[in-house]
Amino acid sequence: MSLDRRRKVAEFLLRIKAIQLRPEDPFTWASGRKSPIYCDNRKTLSHPNVRTYLRQALAELVDEAYGRPDAIAGVATGGIAIGALVAQELGLPFIYVRSEAKSHGMGNQIEGDLSVLSNVVVIEDLVSTGKSSLAAVKALEAAEVEVKGLIAIFTYGFDDAYAAFEAAGCKWEALTDYPTLLEQAAAEGYITDAQRAVLADWSADAKGWSEAHLAKTASA
């Protein structure tokens, strides 16, 4: 993976505020945890130059990491649009995987024509713990589709994610990651050295960081 590409992707995500850093005023995640970072890579779709760069970078990484697959599979919902763009760039079929099977109609969890493929590369917008990504991988494998690997735009780089992918025997890559993001954010003046230290502490122990912040807020 090219360092220049990792930095360029990080630069774009910071510039369009797809990733925001607020160590003094943390975000609340859906899990209830407090976090100094929030990532919404769907914003990239609203910026044609960023969208084009990501489409091309992901397509290049598909070939570099896994070779040409039969198709691209997007993970609902964040990986659908960018996955379709990558499939278009590569001239490949596209399918996508829901978080669960529909309760009506055909009851599909995987949408698309599986008869035209036997293997895929999965595209995600974000890897956090890896749980939702690997659920999609499992659904594809249950449908007898070989998963050559997965590529995300960004990962927090949690140890849990690396362990989960290893246990599942699934290869994966990300265009950029948390350490690169912090380096780029500091270089471009988005954060101070003191803020960078706080953000690094969160990465080392996200759960403990959240619990400490919640406890501090409760006692204030």
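This text follows the structure it describes.
What counts and what doesn't
- Residues numbered from 1 in each chain as written.
- Predicted model: local features only at pLDDT ≥ 70, side-chain atom pairs only at ≥ 80, totals over all residues.
- Heavy atoms only, no water.
- Helix = DSSP H or I, 4+ residues; strand = E, 2+ residues; numbered from the N terminus.
- Rg over C-alpha atoms; globule rule 2.2 N^0.38 Å.
- Buried < 20%, exposed > 50% of the residue type's maximum accessible area, 1.4 Å probe, protein only.
- Contact = heavy atoms within 4.5 Å.
- Areas by Shrake-Rupley, 256 points an atom, 1.4 Å probe, with all protein chains shown as cover.
- Lys, Arg positive; Asp, Glu negative; His and termini not counted.
- Charge placed at Lys NZ, Arg CZ, Asp CG, Glu CD.
- Polar contact = N/O pair within 3.5 Å; in protein donor to acceptor, adjacent residues only side chain to side chain.
- Core = buried A, V, L, I, M, F, W, Y, C linked by side-chain atoms within 4.5 Å.

(A) How the structure looks around the overall build of the chain. Of regular secondary structure, the chain possesses eight helices and ten strands. Taking 17 Å as the expected radius of gyration for a compact globule of 220 residues, we find that the chain reaches 18 Å, a close match to that expectation. Counting only C-alpha atoms and orienting by the principal axes, one finds that the chain spans roughly 60 × 35 × 30 Å. Across the 220 residues that make up the chain, the buried fraction comes to 44%. Sequence-distant contacts in the chain: of pairs separated by 6 or more residues, those separated by 24 or more amount to 63%. Put simply, the chain shows about 10,900 Å² of open surface, and 47% of that area lies on carbon and sulfur atoms. Put simply, the chain has 23 plus and 29 minus side-chain charges, and the middle of one group is 5 Å from the middle of the other.

(B) Local environment of the side chain of threonine 176. Along the polypeptide, threonine 176 turns up in strand β10 (residues 172-177). Among the residues examined, threonine 176 registers a relative accessible area of 0% and is labelled buried. Of the polar contacts made by the side chain of threonine 176, one reaches the backbone oxygen of arginine 6; its length is 2.9 Å. Setting aside anything within four residues of it in sequence, one finds threonine 176 in contact with Arg6, Val9, Ala10, Leu13, Ile153, Phe154 and Thr155.

(C) Broad picture of the nonpolar core. Counting 44 residues, the largest nonpolar core has Leu21, Ile37, Ile72, Phe154, Tyr156 and Trp202 as the members making the most contacts within it. Excluding anything up to four places from it in sequence, tryptophan 202 contacts Trp29, Lys34, Ser35, Pro36, Ile37, Tyr156, Phe158, Tyr178 and Trp209. Membership of the second largest hydrophobic core comes to 23 residues, among which are Ala136, Val137, Leu140 and Cys170.

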